Amino acid sequence: MTKPACRPFHNMPDLPSMIAALVEDNLLTSAEGKRTLGLQQSTKQRKMHVLEYLASLKLSNPQASGGLLDIDTLSRWLAEQACQRYATIDPLTIDVQSATAVMSHAYARRHNILAIAVEEDHIVIASDHPWKSDWEDNLRHITRKPMQRVMVSPVALRRYTEELYSLSDSVKSALDQENQSAVASNFEQLLELGNTSSPDANDQHIVNLVDWLLQYAFEQRASDVHIEPRREHCHLRFRIDGQLHLIYKMPGAVSAAIVSRIKILGRMNLAERRKPQDGRLKTRTPDGKETELRLSTLPTAFGEKLVMRIFNPDVLAQTLPDLGFSASTEQQWIAMVSQPYGMVIVTGPTGSGKTTTLYSTLKLLATPQINVCTVEDPIEMIVPSLNQTQVQPGLELTFANGLRALLRQDPDIIMVGEIRDTETANMAIQAALTGHRVISTLHTHDAPSAITRLLELGVAPYLIKACLSGVMAQRLIRALCPACKCEKAITAEEWFSVFPTDNTQPPASIFTATGCKNCRGTGYQGRIGLFETLSVTSDLKKLIHENTDSLYIHQQAIKDGMIPLLATGAQQVAAGITTLEEVLRVVDSFH
């Protein structure tokens, strides 16, 4: 007998009816159903939404091997019974101001509904009770727009109703304040997120907004937070997996107050709005993790733009394979950086993960018997096992001067944050020549170009030959979401049209990005590295002279065993870790 498209429920079914329907749809075994009906419910459980109660029992799902009847599975099933579309609430896609303006907070809580999309011709209303409709006529009369109903998880509905209205109320209250300067009265060195019990009454709403902003950024795995003033309002954007997402549009006065509070927390000059400033902020999240944030302000046409770069403490706990190193690349890289002296360079564009690679490598090398010193601008992450120095041009502490001072500190390994000029390049070379291991970064497109870049900076070819041990270029690519990636067949012709220099056997199939609630519909979740490792062999040294062409170095490096970035990307596509499109987006075509 075929199951009907919709069951003839006219109201939320009681527990016995729902269990019977779940058994009929093979989502619950008959034995589990009888056992569940025999359980004694506590007073708290009787007040729970029936779906929440069932989810709390952690019942096995016969249709998913090892899976449970969780709240999402049960909510999706109930939506099918009511012939309603099931939706997952993605706060990144909700216009908070428009959504909360549709109805009051009290009305939303009373009827367990929430506006999750406000379009020109309709409004999307989320509910956890698909048959309850006593609010529809009233809301339709007020909004004068057609409504589309969707079913959502009761847990998500309750959470985001409180969060979105709390955010909206804080923005409105902050905007109504006449004196925003009171924000400056609360001076903290360590910001305890979720602990806002003691600020001034005047700055309570701004404190709440900053607290929400940072907690939300951590939850969404953001690497950067952008607060960007515009003519009419301010844009709040998060960079997630390398892509920027617009989170919220807020009034300019509110964003200015938020920037002021963050500047104070970062020990920056609150009164100075005409010059760029840098600062640092350490936060302790509600779960006890301390996270470093690097702050940067920039004066723009409509006010100060603030960018906060978030350094996840879990990054330092990652091993090189966690970063995307293959076994052969890791072995080659460790061999380079473990030599008693010489210079190793990590190269790539801004945001390609060079800093993470350096810190992970230095943490590996920094044993109690080794003195590791760094000179950085700025210090990205504090690592207890390193001796870290901050460049301060105002005090004439440049990269070159800092490096010169480090040579008198009995170092074994020196990390130079970046080689930017001729003086720094020559000092790094001298340090490598005098028996130290030097690790640094350059901004070039690939590994062979690092050699020509050093020549352009004025380093003599014989010095490069004498001390350069190797170069590693890298990129960051988005990894496919494991929950929704989809396999498709690919022909050898299609494969070699993208990777013409790949000498391996092409795969019979690859994976493509689909999109689900776990990845917010992007099809990707997290990022991994692509690496191109060049060892400076004796044959390659013969090509280093004043008129060196990076193309010849590139060809020789491949003969010596270097796997180009594009070929490394091909390996990740064949392994089902990323997509063709993502590799081509990140890696230059000439690779």
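What you are looking at is a predicted structure, and each value in this text was computed from that prediction instead of being measured. (Residues numbered from 1 in each chain as written. Predicted model: local features only at pLDDT ≥ 70, side-chain atom pairs only at ≥ 80, totals over all residues. Heavy atoms only, no water.)

1. Description of the overall build of the chain
Thinking step 1. Assigned secondary structure in the chain consists of 23 helices and 20 strands.
Thinking step 2. For the chain, the C-alpha atoms occupy an extent of roughly 85 × 65 × 45 Å along the three principal directions.
Thinking step 3. Taking all 591 residues of the chain together, the buried fraction comes to 51%.
Thinking step 4. Within the chain, residue pairs in contact and separated by at least 24 positions form 63% of the contacts whose partners lie at least 6 positions apart.
Thinking step 5. A total accessible area of about 27800 Å² is found for the chain, and carbon and sulfur atoms account for 50% of it.
Thinking step 6. Treating the 58 positive side-chain charges of the chain as one cloud and the 64 negative ones as another, the clouds have centres 3 Å apart. (Helix = DSSP H or I, 4+ residues; strand = E, 2+ residues; numbered from the N terminus. Buried < 20%, exposed > 50% of the residue type's maximum accessible area, 1.4 Å probe, protein only. Contact = heavy atoms within 4.5 Å. Areas by Shrake-Rupley, 256 points an atom, 1.4 Å probe, with all protein chains shown as cover. Lys, Arg positive; Asp, Glu negative; His and termini not counted. Charge placed at Lys NZ, Arg CZ, Asp CG, Glu CD.)

2. Brief notes about the pattern of salt bridges
Thinking step 1. This structure, assessed with the given rule, holds 23 salt bridges.
Thinking step 2. Glu136 serves as the salt-bridge partner of Arg149, at 2.8 Å between the closest nitrogen and oxygen. One end of the pair, Arg149, is in strand E4 (residues 147-151); the other, Glu136, is in helix H8 (residues 136-143), and 13 residues separate them in sequence.
Thinking step 3. Looking at Arg149, the relative accessible area reads 17%, which means it is buried.
Thinking step 4. A relative accessible area of 18% means that Glu136 is categorised as buried.
Thinking step 5. Notably, a salt bridge pairs Arg274 with Glu272, separated by 3.4 Å at the nearest N-O pair.
Thinking step 6. A single network of salt bridges, built from pairs that share partners, joins Glu136, Asp137, Arg140 and Arg149. (Salt bridge = Lys/Arg side-chain N within 4 Å of Asp/Glu carboxyl O.)

3. A closer look at the sheet that holds strand E12 (residues 342-347)
Thinking step 1. Strand order in the open sheet formed by 7 strands is E14-E13-E15-E16-E12-E17-E20, and the pairing between neighbours is mixed. Edge strands, defined here as strands with exactly one partner in the open sheet, are strand E14 (387-390) and strand E20 (524-535). On average, each strand axis in the sheet is tilted by 20 degrees relative to the strand beside it, whichever way the strands run.
Thinking step 2. The pairing of strand E15 (residues 413-416) with strand E16 (residues 437-442) spans 4 bridges and is parallel. Its bridge partner being in E16, Ile414 is matched across the sheet by Val438.
Thinking step 3. This element, helix H13 (residues 327-337), spans E12, E16, strand E17 (468-480) and E20 of the sheet and lies at about 55 degrees to E20.
Thinking step 4. Here helix H16 (residues 422-433) sits on the sheet and contacts E12, E15 and E16; the angle it forms with E12, its principal contact strand, is near 135 degrees. (Pairing = 2+ DSSP bridges. Axes fitted to C-alpha atoms, helices over the stretch in contact; angles between N-to-C directions.)

4. Observations regarding the side chain of His235
Thinking step 1. Here His235 shows up in strand E7 (residues 234-240).
Thinking step 2. Take His235: its relative accessible area is 17%, and that puts it in the buried class.
Thinking step 3. Each residue touching His235, except ones within four places of it in the same chain, is listed here: His226, Ile227, Glu228, Arg230, Leu246, Tyr248 and Lys249.

5. Digging into the packing of helix H10 (residues 204-219) against helix H11 (residues 252-265)
Thinking step 1. At a minimum axis separation of 10 Å, H10 and H11 run at an interaxial angle of 75 degrees. Between H10 and H11, the angle falls in the class roughly perpendicular. In contact with Ile206, Val207, Leu209, Val210 and Leu213 of H10, H11 contributes Val254, Ala257, Ile258, Arg261 and Ile262.
Thinking step 2. Of the residues in the contact of H10 with H11, the class split is 9 nonpolar, no polar and 1 charged. (Parallel < 35°, antiparallel > 145°, perpendicular 65-115°, else oblique. Nonpolar A, V, L, I, M, F, W, Y, C, P; charged D, E, K, R; others polar.)

6. Topic: the nonpolar core
Thinking step 1. By size, the foremost hydrophobic cluster in this structure holds 62 residues, and its most contacted members are Met103, Leu213, Leu236 and Phe238.
Thinking step 2. When residues no more than four places from it in sequence are discounted, the contact partners of Met103 are Ala108, Ile113, Leu114, Ala115, Ile125, Leu139 and Tyr165.
Thinking step 3. Counting 56 residues, the second-largest nonpolar core is a separate cluster that includes Leu442, Leu468, Ala473 and Ile528. (Core = buried A, V, L, I, M, F, W, Y, C linked by side-chain atoms within 4.5 Å.)

7. Considering the sheet that holds strand E1 (residues 85-86)
Thinking step 1. Reading across from one edge, E1-E4-E3-E2 is the order of the 4 strands in this open sheet, with mixed pairing throughout. Edge strands, defined here as strands with exactly one partner in the open sheet, are E1 and strand E2 (113-118).
Thinking step 2. H8 contacts E2, strand E3 (123-127) and E4 of the sheet and is inclined by roughly 135 degrees relative to E4.

8. Some remarks on the pairing of E16
Thinking step 1. For E16, the buried fraction is high: 6 of the 6 residues fall into the buried class.
Thinking step 2. On E16, burial covers both faces: Arg437, Ile439 and Thr441 on one face and Val438, Ser440 and Leu442 on the other are all buried.
Thinking step 3. Tracing the backbone out of E15, into H16 and back to the parallel element E16 gives a crossover that is right-handed. (Right-handed = clockwise from strand over helix to strand, strands pointing away.)

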